[in-house]
Each structure stands twice: as structure tokens, then as C-alpha cells.
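# Close look at the chain arrangement
Here are the chains, one letter per residue:
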Amino acid sequence: PIKGIEKPKATARECYISPEQFKTILANTRGQFREFLVFARATGARPQEIRAIEARHFDRKLKAIVFPREESKGKRTQRVIPLTPKAFAIIERLVERWPTGKLFRNSKDRPWTTFAITCACRRLSEKVGFHVIAYAIRHTFATDALVNGVDPITVANMMGHKDLKMLMETYSKIQVRQDHMQAAIMKAVGDMGV
């Protein structure tokens, strides 16, 4: 009976978490899940990549997480996730605690699962009063990096993409940053006095 019904087109979600919203998220989150979210915000890594990190992926010299080609998404090239000082400190602490196995674990010391992260985000959404999904943090990372002047090729590379297509079509949510858009329009018109 539903064979002839037209499927509605998919619509893009606005997946951007403002700095104020992220502060609210952190104020309502504790322990291991808080660390997971901070690491996600500091690196722009995919949630499934964060879940997969083990001590053997940590390269202190490079200050990065390095997944070998065969463990990387697409399995074509190794995935390198550069670390900020905050992300580096989190990984160092976790490597000391968990020298083998997954680094990011829940309050029961079990590795995070996709379902557990989804449930934690759902509970968090109820607490903070707005929709929180783990992937929104990745979108936020991309948008803020572009707004802060990081060139798109570098942002795409930091996020593990081989070209700009995915970044520009999916992750970039610059239009939600009205402060940036207002500054950009003023820069665009320059001294024309318009």
C-alpha cells in the first residue's frame, strides 16, 4: 500500500552548538562523558574515532592520534588527529590509566558504545533544554575553524577528508554565525559607504 507514496526529501539539520550552549553542556556533564565531549570539541574527531582510540594510537612526538590505514575510515590513508594541549592532556591521563584497550570509557569502565553515547546525549538534551548530538560537536568544530580563519583545505584535512566537498556541503554551518556573517558583509562592501 505504500509503494506509490513519494518519499519526502531529506533536510539538513542545523548542527551547531554555540559557545554558550557548550558551556551549558559542560556545566551539566561530569566524569568520562564530559571528557569525551571536551575531546570531541578540541579535535573535531568523529565520535566513532574517539571511541576507537587506544594507547597505541597516541603519538607523543607528533602530538596526535594516528590510526593506521587499515583502521581508518575508508582504509586508504592513515588518519591523523592533531591534538590541542587540552586534548593532549586528556589522552596522556587516559593512556596512564588504560595502557591497553579503548581509552574513552564510561563510568563503569566499559568502552563507550554508539548506543550509550546516544542515550547520554538524550539525557543531556533533557537537562539543558536543547538538542545535543555527538556529531553536532564535529559540525561546530568545522564551522568555528572556518570562521576563525583556518583555510578550508586544512580544516578538511584535520577532519579526515580528502577534499573540500564534504566540508562545504555537510559540515560548514557558517550561516548560523550571524556575528561572522555581519562582519563578512561589511568586509565585502568595504569603503563603498553602502
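Look up: the structure comes first, before these words.
Let me sum up the structure you'll find in this document. Predicted model only: the values in this text are computed from it and were never measured. (Residues numbered from 1 in each chain as written. Predicted model: local features only at pLDDT ≥ 70, side-chain atom pairs only at ≥ 80, totals over all residues. Heavy atoms only, no water.)

## So, a nonpolar patch on the surface
This is how the line gets drawn: Within this analysis, patches are made of residues with over 30% relative accessible area and no salt bridge. Like charges are joined at 9 Å or less; nonpolar side chains (Val, Leu, Ile, Met, Phe, Trp, Tyr) at 5 Å or less. Per-residue accessibility takes into account occlusion by the displayed protein chains alone, with areas from the Shrake-Rupley method and a 1.4 Å probe. Think of a salt bridge as a Lys or Arg side-chain nitrogen and an Asp or Glu carboxyl oxygen that are within 4 Å of each other. Secondary structure elements are defined from DSSP: runs of H or I of at least 4 residues count as helices, runs of E of at least 2 residues count as strands, and each element is numbered from the N terminus. With a 1.4 Å probe rolled over the protein chains alone, any residue whose accessible area is under 20% of its type maximum counts as buried; one over 50% counts as exposed, and the rest are partly exposed.
Taken together, the side chains of Ile153, Leu164 and Met168 define a hydrophobic patch exposed on the protein surface, amounting to about 270 Å² of accessible area. Tracing the sequence through the fold places Leu164 in the loop between helix H7 (152–158) and helix H8 (165–171). A residue is classified by how much of its surface remains accessible, and Leu164, at 31% relative accessible area, is partly exposed.

## Looking at the nonpolar core
Here is the rule we go by: Throughout, nonpolar core names a set of buried Ala, Val, Leu, Ile, Met, Phe, Trp, Tyr and Cys residues whose side chains join them through atoms within 4.5 Å.
The biggest cluster of nonpolar side chains holds 42 residues, and the ones touching the most others in it are Phe33, Phe39, Ile65, Ile91, Leu103 and Phe104. Secondary-structure elements contributing two or more residues to this core are helix H1 (19–27), helix H2 (31–43), strand S2 (64–67), helix H4 (85–97), helix H5 (114–128) and helix H6 (134–147). Of all the elements, H2 adds the most residues to this core, at seven residues.

## Quick notes on the packing of aromatic side chains
Stated formally: Each pair of aromatic rings taken from Phe, Tyr and Trp, with Trp reduced to its six-membered ring, is defined by centres within 6.5 Å and is described as stacked if the planes are under 30 degrees apart, edge-to-face if over 60, and tilted in the remaining cases. The rule for a charge over a ring is simple: NZ of Lys or CZ of Arg within 6 Å of the ring centre, and within 35 degrees of the ring normal.
Under the defined criterion, the tally for this structure stands at six aromatic pairs. Ring geometry for Phe33 and Phe36: centres 6.2 Å apart, planes at 15°, overall stacked. Of the two residues, Phe33 and Phe36 both sit in helix H2, three residues apart, roughly one turn of that helix. Accessibility classification places Phe33 together with Phe36 in one group, the buried group. Ring pairing ties together the aromatic residues Phe33, Phe36, Phe39, Phe104 and Trp112, which thus form one cluster. Across from the ring centre of Trp98, 3.7 Å away, lies the NZ or CZ of Arg105, which sits over that ring.

## Details of the pattern of salt bridges
Scanning the model with the defined rule gives nine salt bridges in all. With a shortest N-O distance of 2.6 Å, Arg46 and Glu49 are connected by a salt bridge. Just as Arg46 is buried, Glu49 falls in that class too. Several salt bridges share partner residues, and in doing so they unite Glu54, Arg56, Glu71 and Lys102 into one network.

## Considerations on the packing of H2 against H4
This is how it is decided: Only C-alpha atoms enter the line fits that serve as axes; for helices the fit covers just the stretch in contact. Angles between N-to-C directions range over 0 to 180 degrees. Here the angle decides the label: under 35 degrees means roughly parallel, over 145 means roughly antiparallel, 65 to 115 means roughly perpendicular, and every other value means oblique. Definitions for this section: a left-handed crossing has its near helix turned counterclockwise from the far helix by less than a right angle. A right-handed crossing has that turn clockwise. Note on definitions: a residue-residue contact is assigned when non-hydrogen atoms from the two residues lie within 4.5 Å. Residues are grouped as follows: Ala, Val, Leu, Ile, Met, Phe, Trp, Tyr, Cys and Pro are nonpolar; Asp, Glu, Lys and Arg are charged; every other residue, Gly included, is polar.
Contact geometry for H2 and H4: axes closest at 9 Å, N-to-C directions at 140°. Between H2 and H4, the angle falls in the class oblique. When the axes of H2 and H4 are compared, the crossing they make is left-handed. Residues Gln32, Glu35, Val38, Phe39, Ala42 and Thr43 of H2 lie in contact with H4, whose contacting residues are Lys86, Ala87, Ile90, Ile91, Arg93, Leu94 and Arg97. Among the residues forming the contact of H2 with H4, the class breakdown is seven nonpolar, two polar and four charged.

## Overview of the state of the cysteines
In plain terms, the rule: Here, the term disulfide refers to a pair of cysteine sulfur atoms separated by no more than 2.5 Å.
Under the defined criterion, the tally for this structure stands at zero disulfides. Free cysteine: Cys15, not disulfide-bonded; nearest cysteine sulfur from Cys121 at 12 Å. The closest cysteine sulfur to the non-disulfide-bonded Cys121 is located on Cys119, 9.5 Å from its own sulfur.

Geometric values such as these leave the question of function open.
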